[in-house]
Amino acid sequence: MDEAIQKFLAIQEKNKLGGGRQHIERQHERGKLTARERIEILIDPGTFNELGSCVNTTGMRIDGVRPDAPCDGLVLGTGEVHGRPVMIHAADFTVLGGSVGAQTVAKLSRAVEMAALWGIPIVHLLDSSGGRLGYRDVNWAGIDWYFRSQSRFSGTTPQITVLMGPCIAGAAYLPTLCDFLFMSRISASLWLGGPRQTLAATSEVIDGDIGGADYHMQLTGTCDVTGADDRETILKCREMLRYLPSNYREKPPLWDNTDPAEREVDQLSEIVPDDFSRTYDMHDVIALLVDNGEYFEIKDQYARQLICCFCRFGGRTVGLVANNPKYPGSILEVNACDKYYRFLQVLDAYNLPLVNLTDTPPAVPGEVEEERGLLRHMGKILDLYATATVPKIGVVLREAYADTGSLVMSGLKGMGADLTYAWPIARFGVEASTLDYRAVLGKGVEEDAPEAYWKWSREKADAFAAAHSWTAQVVDEIILPRDTRKKIVQALKVTEQKAEELPQRKKAHGSPPT
């Protein structure tokens with residue numbers, strides 16, 4: 001027994017050093033933390049319980065000798081974040097560059113299954129050079145099995161990647177299959193083919209900045225949250241976990257609230273101009289409405305005319321989607337559609353109510369957006385909004401036009417909005433343009449066209465006209481701006497036990513646009 005215990009303790013001591021002090025120092029010189037240092041930042045102190053600590057590499061030889069790879073380059077275990085359990089996978093770049101081998105993937109795949117079975121989130125602290133070159137044990141090191149597990153259990157428990165190093169080729173699919181991707185500006189890079197691979201395959205020379213955190217935040221929309229370095233990025237992940245339930249069976253977390261639910265917000269009338277041609281920043285509105293002014297924004301540098309964030313009203317966690325008139329038109333174009341669609345997928349998967357703050361003209365047609373597939377992208381949101389079964393609450397501040405403002409921003413009850421409120425200055429319509437079509441289209445337009453039919457698409461219904469007809473199913477009630485917060489709190493309370501089921505079918509999903 002004593003000999004066996006000493007052997008076990010020796011393995012644990014060796015594991016603390018990963019690939020050795022030299023590699024740890026190199027990691028620190030690059031501004032990066034080690035796998036175990038990252039875990040300690042993520043979890044509540046003293047709560048980590050490691051799994052698979054005695055695992056080592058199999059099936060690989062370097063000059064005929066099997067290399068020593070503590071934990072096969074992957075530290076795995078459970079811990080607690082804000083008192084709630086999570087599964088944690090941390091790639092150890094000091095061990096063979098954090099490369100992926102058969103034991104690595106076996107641990108990963110099993111971790112996803114265990115997290116789903118136990119109903120706890122899984123957080124990937126990723127820093128890996130990709131597949132282990134020269135590996136012969138299993139094709140692709142068995143990473144195909146992991147992708148299948150990741151996809152099969154998607155929407156069961158939150159899957160989150162915090163990327164703090166390279167992620168290349170096949171391994172780059174791991175973070176894109178997760179619910180959220182956090183990236184460190186100092187160290188993260190995500191490519192299907194990095195600069196060297198691209199040069200070898202196509203002779204194309206690409207910029208080294210391609211694939212970084214800002215690139216995937218601002219241009220591709222792949223990244224959800226960025227951080228200045230490892231520590232800040234992990235702490236942001238830790239903060240977001242406060243807003244998510246542990247699994248799809250749970251209701252959203254209910255936190256102690258010190259912000260009175262009945263609080264009136266008189267400043268709203270000053271922030272939001274009643275001159276519809278003037279802009280404002282919707283962030284200022286959100287900060288006044290939510291509990292203690294705190295919210296957690298997703299993709300804050302991507303499609304900035306649409307805000308997606310987690311926040312609380314009366315202690316209840318919600319996902320909030322709002323137009324932002326500060327940026328061009330606050331319209332929904334292709335990028336904004338993707339941003340909304342992905343966020344709403346997560347809300348519906350994990351029972352988080354949707355709150356819309358609406359102030360937008362219609363989608364703007366044009367050659368560029370039509371070529372990019374605007375109709376198809378709008379169709380995705382229409383399909384998802386109509387089939388989402390979570391509570392859907394909307395407040396129209398000023399404008400709700402046609403497809404963007406009414407159909408998918410809780411402006412039309414027929415799409416499934418539970419409660420829609422409107423400020424007294426709100427107006428509804430099909431078209432926002434005031435352009436004289438005769439001057440654009442020229443000959444062939446009937447003289448009486450404006451009076452005969454064009455005017456109908458340009459008519460604006462104010463909030464009182466919309467509220468006058470209950471059968472029109474547009475507005476449930478007109479509210480004073482200062483009462484917006486308490487009306488949202490009340491709406492969330494009365495819809496908390498909402499029970500809606502989609503028509504039963506043999507397959508678990510429909511066939512929405514892609």
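Throughout what follows, the structure given in this document is the object of discussion. This one's a predicted model, so the numbers in the text were calculated from it and none came from an experiment. (Residues numbered from 1 in each chain as written. Predicted model: local features only at pLDDT ≥ 70, side-chain atom pairs only at ≥ 80, totals over all residues. Heavy atoms only, no water.)

1. A look at the overall build of the protein
Thinking step 1. Across its full length, the protein carries 19 helices and 18 strands.
Thinking step 2. A burial count over the protein gives 53% of its 514 residues as buried.
Thinking step 3. Relative to all contacts within the protein whose residues are 6 or more apart in sequence, the contacts with residues 24 or more apart total 75%.
Thinking step 4. For the protein, the accessible surface area stands at approximately 23800 Å², while carbon and sulfur atoms represent 53% of it. (Helix = DSSP H or I, 4+ residues; strand = E, 2+ residues; numbered from the N terminus. Buried < 20%, exposed > 50% of the residue type's maximum accessible area, 1.4 Å probe, protein only. Contact = heavy atoms within 4.5 Å. Areas by Shrake-Rupley, 256 points an atom, 1.4 Å probe, with all protein chains shown as cover.)

2. A few points about the nonpolar core
Thinking step 1. Ranked by size, the top nonpolar core spans 56 residues in total, and within it Ile160, Phe180, Phe182, Met240, Phe310 and Tyr340 carry the most contacts.
Thinking step 2. The contact partners of Met240, leaving out residues within four places of it in the chain, are Ile160, Phe180, Phe182, Phe296, Ile298 and Phe310.
Thinking step 3. By size, the runner-up hydrophobic cluster in this structure holds 32 residues, among which are Ile143, Tyr146, Ala171 and Cys178. (Core = buried A, V, L, I, M, F, W, Y, C linked by side-chain atoms within 4.5 Å.)

3. A few points about the environment of Tyr385
Thinking step 1. Within the element layout of this structure, Tyr385 appears in helix H14 (residues 374-387).
Thinking step 2. Accessibility expressed as a relative area gives 0% for Tyr385, which makes it buried.
Thinking step 3. In contact with Tyr385, not counting residues within four places along its chain, are Tyr340, Leu344, Leu354, Asn356, Lys392, Leu407, Val408, Ser410, Met415, Gly416 and Ala417.
Thinking step 4. Reaching out from Tyr385, the side chain makes a polar contact with the side chain of Ser410 at a distance of 2.8 Å. (Polar contact = N/O pair within 3.5 Å; in protein donor to acceptor, adjacent residues only side chain to side chain.)

4. Side note on the pattern of salt bridges
Thinking step 1. Under the defined criterion, the tally for this structure stands at 28 salt bridges.
Thinking step 2. For Asp259, the salt bridge identified is with Arg485, shortest N-O distance 3.8 Å. Here Asp259, found in the loop between helix H9 (230-240) and helix H10 (268-271), pairs with Arg485, found in helix H19 (residues 484-494); they are 226 residues apart in sequence, far enough to count as distant. For the pair formed by Asp259 and Arg485, the shared burial category is buried.
Thinking step 3. When the shortest N-O distance is used, the salt bridge between Glu264 and Arg482 registers 3.7 Å. Of this pair, Glu264 sits in the loop between H9 and H10 while Arg482 sits in the loop between strand S18 (477-478) and H19, and the two are 218 residues apart along the sequence.
Thinking step 4. Given the relative accessible area of 40%, Glu264 is considered partly exposed. (Salt bridge = Lys/Arg side-chain N within 4 Å of Asp/Glu carboxyl O.)

5. Quick notes on H14
Thinking step 1. Along its 14 residues, H14 runs 20 Å from first to last C-alpha, staying within 8% of the 20 Å computed at 1.5 Å per residue.
Thinking step 2. Every buried residue of H14 is listed here: Leu374, His377, Met378, Gly379, Lys380, Ile381, Leu384 and Tyr385. (Expected span 1.5 Å × (residues − 1).)

6. Some points on the sheet that holds strand S7 (residues 180-184)
Thinking step 1. What the 7 strands build is an open sheet, ordered S1-S2-S3-S4-S5-S7-S9; its pairing is mixed. Two strands in the sheet have a free side with no partner beyond their single neighbour: strand S1 (49-51) and strand S9 (225-227). Neighbour-to-neighbour, the strand axes of this sheet turn through a mean angle of 20 degrees, independent of strand direction.
Thinking step 2. When strand S4 (residues 122-126) meets strand S5 (residues 159-163), the two strands line up parallel, connected through 5 bridges. Bridged to His124 within S5 is Thr161.
Thinking step 3. The sheet contacts of H9 involve strand S2 (74-81), S4, S5, S7 and S9, and relative to S7 the element is tilted by about 155 degrees. (Pairing = 2+ DSSP bridges. Axes fitted to C-alpha atoms, helices over the stretch in contact; angles between N-to-C directions.)

7. Some remarks on the packing of helix H3 (residues 35-42) against H9
Thinking step 1. Their axes nearest at 9 Å, the elements H3 and H9 cross at an angle of 40 degrees. By the angle class used here, H3 and H9 are oblique. Crossing of H3 against H9: the hand is right-handed. Across the interface between the two elements, Arg38, Ile41 and Leu42 of H3 pack against Asp230, Arg231, Ile234, Leu235, Cys237 and Arg238 of H9.
Thinking step 2. Its residues assigned to classes, the contact of H3 with H9 shows 5 nonpolar, no polar and 4 charged. (Parallel < 35°, antiparallel > 145°, perpendicular 65-115°, else oblique. Left-handed = near helix turned anticlockwise from the far one by under 90°. Nonpolar A, V, L, I, M, F, W, Y, C, P; charged D, E, K, R; others polar.)

8. Topic: the pairing of strand S13 (residues 354-360)
Thinking step 1. Burial analysis of S13 places 7 of its 7 residues in the buried class, the great majority of the element.
Thinking step 2. Neither face of S13 is exposed, since Leu354, Asn356, Thr358 and Thr360 on one face and Val355, Leu357 and Asp359 on the opposite face are all buried.
Thinking step 3. Relative to S13, strand S12 (residues 316-323) runs parallel, the two sharing 4 bridges. The residue bridging Val321 from the neighbouring strand is Asn356, located in S13.
Thinking step 4. As defined by bridge partners, S13 adjoins strand S14 (residues 392-401) across 6 bridges and the pair is classed as parallel. Its bridge partner lying in S14, Val355 is registered against Ile393.

9. Here we look at unusual backbone geometry
Both trends apply: most residues other than glycine have a negative phi, and most peptide bonds are in trans.
Thinking step 1. The phi torsion at Ala303 lies on the positive side, around 45 degrees, for a residue other than glycine.
Thinking step 2. You can see Ala303 is positioned in the loop between strand S10 (295-298) and strand S11 (306-313).

10. Considering a nonpolar patch on the surface
Thinking step 1. A cluster of nonpolar side chains, namely Met1, Ile5, Phe8 and Leu9, defines an oily patch on the protein surface of about 420 Å² accessible area.
Thinking step 2. You can see Phe8 is positioned in helix H1 (residues 2-16).
Thinking step 3. Classification of Phe8 as partly exposed rests on a relative accessible area of 41%. (Patch = residues over 30% accessible without salt bridge, like charges linked within 9 Å, V, L, I, M, F, W, Y side chains within 5 Å.)

11. What about the side chain of Lys339?
Thinking step 1. Its place among the elements puts Lys339 in helix H12 (residues 334-349).
Thinking step 2. Although buried, Lys339 forms no salt bridge, and the nearest oppositely charged side chain, Glu297, lies 4.8 Å from it.
Thinking step 3. A polar side-chain atom of Lys339 sits 3.3 Å from the main-chain carbonyl oxygen of Ala303. (Lys, Arg positive; Asp, Glu negative; His and termini not counted.)

12. Looking at the environment of Asp229
Thinking step 1. By secondary structure assignment, the location of Asp229 is in the loop between S9 and H9.
Thinking step 2. Of the residues examined, Asp229 reaches a relative accessible area of 31% and is grouped as partly exposed.
Thinking step 3. Residues Asp229 and Met183, 46 residues apart in the sequence, show an inter-C-alpha distance of 8.7 Å.
Thinking step 4. The residues contacting Asp229, other than those within four sequence positions of it, are Ser184 and Ile186.
Thinking step 5. Within the structure, the side chain of Asp229 is placed 2.9 Å from the backbone nitrogen of Glu232, a separation counted as a polar contact.

13. Considering the packing of aromatic side chains
Thinking step 1. Taken as a whole and assessed by the stated rule, the structure comprises 6 aromatic pairs.
Thinking step 2. Between Phe147 and Tyr173, the aromatic rings sit 6.0 Å apart at their centres with planes inclined by 90 degrees, giving edge-to-face as the arrangement. One end of the pair, Phe147, is in helix H5 (residues 143-152); the other, Tyr173, is in helix H6 (residues 173-176), and 26 residues separate them in sequence.
Thinking step 3. Both rings, one in Phe182 and one in Phe296, keep their centres 6.4 Å apart while their planes meet at 45 degrees; by these two values the pair is tilted. Here the residue Phe182 occupies a position in strand S7, and Phe296 occupies one in strand S10, the gap between them amounting to 114 residues.
Thinking step 4. The rings of Phe180, Phe182, Tyr243, Phe296, Phe310 and Phe343 are connected pair by pair, giving a single aromatic cluster.
Thinking step 5. If you follow Lys32 out to its NZ or CZ, it ends over the ring of Phe93, 4.2 Å from the centre.
Thinking step 6. For the cation-ring pair, Arg312 lies above Tyr243, with the distance from its terminal atom to the ring centre recorded as 4.1 Å. (Phe/Tyr/Trp six-rings, centres within 6.5 Å; stacked < 30°, edge-to-face > 60°. Lys NZ or Arg CZ within 6 Å of the ring centre and 35° of its normal.)

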